[in-house]
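Below are the chains, spelled out letter by letter.
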Amino acid sequence: MSVPEVPELLDHAVAALGGTRRDGQVTMATAVASAIEDAEHLAVQAGTGTGKSLAYLVPSIRHAVESNETVVVSTATIALQRQLTERDLPRLASALAEPIGREPKFAILKGRANYLCLNKVHTGVADEPDTELFDAFELSRTGREVTRLREWTSDTETGDRDDLPQGVSDRSWRQVSVTSRECLGANACPYSEDCFAEIARRKAGASDVIVTNHAMLAIDAMSPATILPEHKVVVIDEAHELVDRITSVTTEEISAAGVTLVARRLGKLVSDETADALVGAGEQLGILLEESQNGEWTRLPNGAGEIFASLRDRLWNARSEIGPAKPGTDPEAAAARQMAMSATDSLHDTVVRTLTVFGEADITKRFDVVWKAVDDFRNNTRHTLRIAPLSVAGLLRTSLFTDSTVILTSATLTLGGNFDALARTWGLPPHGDVNDDGARGNGWRGLDAGSPFDFPKAAILYVADRLPPPGRDGIAAATLDQMVEMMTAAGGRTLGLFSSMRAAKEASEKLRERVDFPILCQGDDATSTLIRRFADDEATCLFGTLSLWQGVDVPGPSLQLVMIDRIPFPRPDDPLLSARQRDVDARGGNGFLTVSANHAALLLAQGAGRLLRSTADRGVVAVLDPRLATARYGGYLMAGLPPFWKTRDKGAVVAALRRLTAG
């Protein structure tokens, strides 16, 4: 039987799911179908309420069924993965079974470290505790959690960490899981037939749609082995986070504790002399890092080259000494050997990567950025060297866009009025086309599918142009006064988005003394719990930083005021973003606009997007940073925001909030 066209399938699905036709959804679904058919990349901005999940799932399922090819859907967050696999896809598969002729199959696929490893559970091979972070209470808790995980092994059908009824710490989970490099492999593992990760991969290989995450895309791109099943179409939801997630996966680190952990894992696999030499190299590294300055390394400190070369050589000697596995090695010994080899290889490769950076004298020709960071945990200080790619555009261009047709979508993809800024970071050539009909050019096109919201009637954008510009000495008294006035007019119902945790805590402490309604602050409890409490009580306010700019979905009267304390520029001492900005400047571009302003514009749009989550919502987005009105870049940042009704009149805003509260 022939498969109906996308508009017909979409109408059938919407009717079966009890929804209503949305023009933006139809426009997007049709564009996705055309992009797949024409093998042309597509970037789609689809505002909240458009129904973008259905708009890309319907044409994806149609293509998968008609061509008998798997479609990969990648998300940035676990929340969206769960929404797709636990709600959207089960209902949609049932709805499309009749017109398509069979029920479409789908699966979720994550990295191997997200699944229980039966070999590790049964052999008892565990990671050694990190001596720098040793804590008796933590160790006791880890023991209890590992016991619970071992008991859960006999109850779970998936072995998926996200299916665990009650969460555990990362430390505990590492005791029962392995990375892909630590895995023995299906041929060597005695539990390969029952392996949860392998079962998930087999299920994925037989599915029409696979739901995975951006990190898996990166791992699949960099791995010589095939991780994802054969596919020609990739849909990237939450595409505004793609670059950050890929960067995170490709960032490595070196520390004295890391060297010690490798030496401990090597155990009896190498001679005492080899192990002692490696420990000595780690101690030298620790002294170097403690004495070196924080921030970016544009050149190696005195003596660092010799220390890293020595560490590289001693890691290589240890790796060579391990030798091949002996026939008949028992599973426990094989697992310990594989973990030792994996840890040694990984650290060796990172040291070589670091030395390669400084092997290029011209800083403008380097592909990686190296910096020293200091992390504090439970009164313990760790000095770490990190290395990250200056850009992931090349990786994405060659590994993703060359081999697949890619659909990129999010509620916020246009910056400064077009898609070009994000396109450059993805490795796509800019062309500046942003038209309702999807202007074509250079192998990809951009489409703004619109939004069901009547922005000018639903919301006000207030820019406080008469407040003092934000500084380093805390929140100005005049800014706090305006916060109190607006929050009081709104009767609470406020989401406060701050540029730092320090500012969020300062505002919480000072405003709790001046208002009569509860103010929750990020860090007081689990973020998900705080959001739930905020949504359940209309008078409650919630203050916080980065994760709240993108992670809050509270429709209804509990949220009528979004306050933003300052334009969310990246910290000037952020080594990676500073290096990227310098690189753009060196190539004749505007580094501030390309990196810092685009970073701020994306977050600002995400933060403002917290206000309207349903067509019935009304309220105010208040930006308490006068630079949005007075600085030359203000217009560029404003161009990325929804077309709210704009004002600088505080009195009009307070009056509007009072009317909303009274109504």
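Description of the structure in this document. Model, not experiment: these values are computed from the prediction.

The next point concerns a negative patch on the surface. Residues D272, E273, D276 and E321 make up a contiguous surface patch of negative charge. Tallying contributions element by element places helix α12 (residues 272–291) first for the negative patch, with 3 residues. With respect to the helices, strands and loops of the structure, E321 is situated in helix α13 (residues 304–322). Look at E321 and you get partly exposed, because its relative accessible area is 33%.

Moving on to the pattern of salt bridges. Following the criterion strictly, the structure yields 32 salt bridges and no others. With a closest N to O distance of 3.8 Å, D162 and R82 form a salt bridge. Within this pair, whereas D162 is found in the loop between α6 (136–152) and α7 (170–174), its partner R82 is found in helix α4 (residues 78–100), the two being separated by 80 residues in sequence. Notably, a salt bridge pairs R312 with D313, separated by 3.0 Å at the nearest N-O pair.

Residues of helix α1 (residues 6–16) that are buried: V6, L9, L10, A13 and V14. Within α1, the buried residues cover an arc of 130° as seen down the axis, which keeps them to one side. In α1, the exposed positions angled more than 90 degrees off the buried face are occupied by E8, A15 and A16. Its buried side turned inward, α1 meets α2 (23–38), α3 (52–67) and α4. G18 sits one or two residues past α1 and shows a positive phi near 80°.

What follows is about the sheet that holds strand β18 (residues 619–623). An order of β15-β16-β14-β17-β18-β13-β19 is seen for the 7 strands of this open sheet, with the pairing classed as parallel. Of all strands in the sheet, those with a lone pairing partner are β15 (519–521) and β19 (645–647), marking the two edges. The average angle at which neighbouring strand axes cross in this sheet is 15°, direction not considered. Summarising the sheet, strand β14 (residues 494–497) and strand β17 (residues 561–564) pair through 4 bridges and their orientation is parallel. Bridge pairing in β17 links G496 to M563.

Another point: the nonpolar core. Of all hydrophobic cores here, the largest spans 85 residues; its most connected members are I236, L408, W426, V621 and L637. Per-element tally for this core: the top contributor is helix α23 (residues 591–608), with 8 residues. Y56, V71, I100 and I407 belong to the second-largest nonpolar core, a separate cluster that totals 39 residues.

Conventions and cut-offs
- Just so you know, the residues in each chain are numbered from 1, in the order the chain's sequence is written.
- In view of the model being predicted, local features appear only for residues whose pLDDT reaches at least 70, and side-chain atom pairs are presented and counted only at 80 or more, with totals across whole chains, interfaces and linings using the full set of residues.
- To get the side-chain values, all heavy atoms of the structure are used, and hydrogens and water are removed first.
- Every patch collects residues that have over 30% relative accessible area and no salt bridge, joining them within 9 Å if they carry like charges and within 5 Å if they are nonpolar side chains (Val, Leu, Ile, Met, Phe, Trp, Tyr).
- Method for areas: the Shrake-Rupley scheme with a 1.4 Å probe, in which residue coverage is limited to the protein chains shown.
- A pair is scored as a salt bridge if a Lys or Arg side-chain nitrogen falls within 4 Å of a carboxyl oxygen belonging to Asp or Glu.
- Asp and Glu count as negative and Lys and Arg as positive, but His and the ends of the chain are not part of the count.
- To locate a charge, take atom NZ for lysine, CZ for arginine, CG for aspartate or CD for glutamate.
- Going along the chain from the N terminus, every DSSP run of H or I of four or more residues is numbered as a helix, and every run of E of two or more is numbered as a strand.
- To sort residues, take the accessible area from a 1.4 Å probe on protein chains only and compare it with the maximum for the residue type: under 20% means buried, over 50% means exposed, and anything in between is partly exposed.
- By definition, the arc is the one covered by directions from the helix axis to the C-beta atoms.
- Contacts: residue pairs with any heavy atoms within 4.5 Å of one another.
- For two strands to count as paired, DSSP must find a minimum of two bridges between them.
- Angles run from 0 to 180 degrees between N-to-C directions of axes, and those axes are lines fitted to C-alpha atoms, restricted for helices to the stretch in contact.
- Buried residues of nine kinds, namely Ala, Val, Leu, Ile, Met, Phe, Trp, Tyr and Cys, make up a nonpolar core once their side-chain atoms join them within 4.5 Å.

Remember that the coordinates give geometry; whether it matters functionally is a separate question.
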